[in-house]
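These are the residues of each chain, in order.
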There are 2 protein chains.
Amino acid sequence: MELLKQKILECGRALDEHVLLVDSFLNNQVDVKLMQEIGREFAGRYAGAGVTRVVTIESSGIAPAAMTALEMDLPLVILKKSKSSILKDDILQTEVFSFTKNAPYQLTLKPQFIQPGDRVLLIDDFLANGEAALGASSLLERAGAQVAGIGIVIAKTFQPGLKKLTEAGYRVDVLAPVKRMAAGVIEFD
Amino acid sequence: MELLKQKILECGRALDEHVLLVDSFLNNQVDVKLMQEIGREFAGRYAGAGVTRVVTIESSGIAPAAMTALEMDLPLVILKKSKSSILKDDILQTEVFSFTKNAPYQLTLKPQFIQPGDRVLLIDDFLANGEAALGASSLLERAGAQVAGIGIVIAKTFQPGLKKLTEAGYRVDVLAPVKRMAAGVIEFD
């Protein structure tokens, strides 16, 4: 997605080979017009894919996912990150390791909002190691849904996440695939 | 806001005098069309108020705040909840006590996204004790901004938050003011 790549080149900051700061338009400050364009892009790519729910993981995925759900005229379901595991019948959880925070969390779904037979478009802001997206997909499948696809705003394609997801059979749409970074350098696939 | 009140009466659940579950359209599952209407309502109320930034607190405030920012054609800034205090020049923090989680957290602002002279519309999903809104307002003022107003989706007006905010001199706009609850009963002001 050219508009997004331009924004990353203009406003993103590669600190080193691994850390890409996009806090001026995606994580802390949010360019909502750009999020609307991202929503339109995902909606266009998944038109006709029979999607019944848009799902994301709190909290940086919420803005692009909300715009996607709005464009597709579908409900949005938010998976929460919980510190502790909750043993309740109406909660599904899976442990996900966050490389950013170097700590695990419990990804949490209230399955009353996912029906067996739902076809889900999972939206997230970043893909690196793929732990969050794999955990979310497994939760959604445990709730009886199919994952129609995984829409990622920015993927670091030199890290293992994208390969893991495609090898697991998922359709993955990456709007800005970053193939290499260094201090001050960002290159797309 | 009549549409919102109707939705709360249809889909909300009052568990007792204090707990209102709105997870089917606001917290876990999000009715994004309703969020768009909420955004339009806030945008209409603050037209001409000279607002330069929409600000919210992660994560349930993000969807309504993103729609408000979209309608007002303004950037959105998200205040993060951090477990630990961070001693860095480019971070502003204040401790907020969460009555929901019965634990404090550090409300965190990257002040590079708030300029002195900014006029901020603070949007949040819920107002009860007012700790989060008061903490957010003080952070924004420390960054040199003025709080043009505080837009709340649902307020429990029988709890002290609304009174605290208005007594502190803030303009507060509540779309659904709940004056009384009991199991199965929700009454608006």
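Rules of the game
Residues numbered from 1 in each chain as written. Chains lettered and ligands numbered in written order. Predicted model: local features only at pLDDT ≥ 70, side-chain atom pairs only at ≥ 80, totals over all residues. Heavy atoms only, no water. Core = buried A, V, L, I, M, F, W, Y, C linked by side-chain atoms within 4.5 Å. Buried < 20%, exposed > 50% of the residue type's maximum accessible area, 1.4 Å probe, protein only. Contact = heavy atoms within 4.5 Å. Buried area = accessible area lost by both parts, 1.4 Å probe. Salt bridge = Lys/Arg side-chain N within 4 Å of Asp/Glu carboxyl O. Polar contact = N/O pair within 3.5 Å; in protein donor to acceptor, adjacent residues only side chain to side chain. Helix = DSSP H or I, 4+ residues; strand = E, 2+ residues; numbered from the N terminus. Nonpolar A, V, L, I, M, F, W, Y, C, P; charged D, E, K, R; others polar. Pairing = 2+ DSSP bridges. Right-handed = clockwise from strand over helix to strand, strands pointing away. Expected span 1.5 Å × (residues − 1). Phe/Tyr/Trp six-rings, centres within 6.5 Å; stacked < 30°, edge-to-face > 60°. Lys NZ or Arg CZ within 6 Å of the ring centre and 35° of its normal. Least-squares fit on C-alpha atoms with pLDDT ≥ 70 in both. Axes fitted to C-alpha atoms, helices over the stretch in contact; angles between N-to-C directions. Left-handed = near helix turned anticlockwise from the far one by under 90°.

Draft legend 1. Highlighting the nonpolar core. Counting residues in hydrophobic clusters, the biggest one holds 82 residues, and the most contacted among them are A:Leu4 and B:Leu4. Apart from residues lying up to four places away in sequence, A:Leu4 is in contact with A:Phe25, A:Leu34, A:Ile38, A:Val153, A:Leu175 and A:Ala176.

Draft legend 2. Quick look at the interface of chain B and chain A. In this complex, chain B contributes 30 residues to the contact, which on the side of chain A involves 30 residues. Summing both sides of the interface, chain B and chain A together bury roughly 2,700 Å²; the carbon and sulfur share of this comes to 57%. Contact with chain A buries surface across chain B, with B:Asn28, B:Gln29 and B:Leu70 losing the most and accounting together for 23% of the total. Of the charged contacts in the structure, one is a salt bridge between A:Asp23 and B:Lys110, with a shortest N-O distance of 2.7 Å. At the junction of chain B and chain A, the tally comes to 12 residue pairs in polar contact (both at pLDDT 80 or more). Listed by contribution, the elements that provide at least two residues to the side of chain B that touches chain A are α2 (23-27), β3 (29-30), α3 (32-45), α4 (62-72) and β5 (76-82) of chain B. At six residues, the largest contribution of residues to the side of chain B that touches chain A is made by α4(B). Within the side of chain B that touches chain A, the residues separate by chemical class into 14 nonpolar, eight polar and eight charged. Bridging between strand β3 (residues 29-30) of chain A and β5(B) involves two bridges; their strand directions are antiparallel.

Draft legend 3. Region of interest: the pairing of strand β8 (residues 119-127) of chain B. Residue and element names in this part refer to chain B. Buried residues dominate β8, accounting for seven of its nine residues. Note: strand β4 (residues 53-57) against β8, four bridges, orientation parallel. Pairing of Val 54 across the sheet is with Leu 121, part of β8. In this structure, β8 lies alongside strand β9 (residues 146-156), joined through eight bridges in parallel fashion. The residue of β9 that forms the bridge with Asp 124 is Ile 152. One crossover worth recording links β8 to the parallel β9 by way of helix α5 (residues 131-142), and it is right-handed.

Draft legend 4. View of unusual backbone geometry. The step from A:Glu58 to A:Ser59 runs through a cis peptide bond, and the omega angle for that step is -5°. Backbone geometry places A:Asp73, a non-glycine residue, at a positive phi of 60°.

Draft legend 5. Geometry of helix α5 (residues 131-142) of chain A. All names here are of chain A. The end-to-end C-alpha separation of α5 is 16 Å, in line with the 16 Å expected for 12 residues at 1.5 Å each. Along α5, the positions that sit buried rather than exposed are Ala 132, Ala 133, Gly 135, Ala 136, Ser 137, Leu 139 and Leu 140. Immediately downstream of α5, the backbone of Gly 144 shows phi near 95°, a positive value.

Draft legend 6. A look at the environment of B:Asp73. Note that B:Asp73 resides in the loop between α4 and β5. Each C-alpha atom of the pair B:Asp73 and B:Asp125 lies 20 Å from the other, and the pair is 52 residues apart in sequence.

Draft legend 7. Main features of the side chain of A:Asn129. Residue and element names in this part refer to chain A. Looking at the element boundaries, Asn 129 is found in the loop between β8 (119-127) and α5. Among the residues examined, Asn 129 registers a relative accessible area of 15% and is labelled buried. If near-sequence neighbours (up to four positions away) are discounted, Asn 129 is found in contact with Phe 99, Gln 159, Pro 160, Gly 161 and Lys 164.

Draft legend 8. Focus on the packing of aromatic side chains. Residue and element names in this part refer to chain A. Using the criterion set out here, one finds two aromatic pairs over all chains in the structure. With centroids separated by 5.3 Å and ring planes inclined at 80°, the aromatic side chains of Phe 97 and Phe 99 adopt a geometry described as edge-to-face. Taking the ring centre of Tyr 105 as reference, the NZ or CZ of Lys 81 above it sits at 5.3 Å. The ring centre of Tyr 46 lies 3.8 Å from the NZ or CZ of Arg 171, which sits over that ring.

Draft legend 9. The relation of the copies chain B and chain A, seen in detail. Overlay of chain B on chain A (RMSD 0.0 Å): rotation 180°, translation along the axis 0.0 Å. Here the two chains are linked by the operation of a two-fold rotation axis. Taking C-alpha positions as reference, the residue of chain B nearest the rotation axis is B:Ser59, located at 2.7 Å. Interface overlap between copies: 100% of the residues of chain B at the interface are likewise at the interface in chain A, consistent with a symmetric, same-surface contact.

Draft legend 10. Up close: the pattern of salt bridges. Applying the stated rule across the entire model yields 22 salt bridges over all chains. Ionic pairing is found between A:Arg53 and A:Asp118, a salt bridge with its closest N-O pair at 4.0 Å. Highlighted residues: A:Arg53 in strand β4 (residues 53-57) and A:Asp118 in the loop between β7 (103-109) and β8, separated in sequence by 65 residues. Of the residues examined, A:Arg53 reaches a relative accessible area of 13% and is grouped as buried. Residue B:Arg171 pairs with B:Asp173 through a salt bridge whose shortest N-O separation is 2.9 Å. What makes B:Asp173 buried here is its relative accessible area of 9%. Within the structure, one salt-bridge network assembled from shared partners comprises A:Glu41, A:Arg45, A:Arg171 and A:Asp173.

Draft legend 11. Summary view of the packing of helix α1 (residues 2-11) of chain B against α3(B). Residue and element names in this part refer to chain B. It is the contact of α1 with α3, at a shortest axis distance of 10 Å, that shows an interaxial angle of 145°. The two elements α1 and α3 meet at a crossing, and its hand is left-handed. Between α1 and α3, the contacting residues are Leu 3, Leu 4 and Lys 7 on the first element and Leu 34, Glu 37 and Ile 38 on the second.

Draft legend 12. Focus on the pairing of strand β11 (residues 185-188) of chain B. Residue and element names in this part refer to chain B. Residue alternation in β11 divides its side chains into a buried set, Ile 186 and Phe 188, and an unburied set, Val 185 and Glu 187. Relative to β11, strand β10 (residues 172-182) runs antiparallel, the two sharing four bridges. In the strand pairing of β11, Ala 182 is matched with Val 185.

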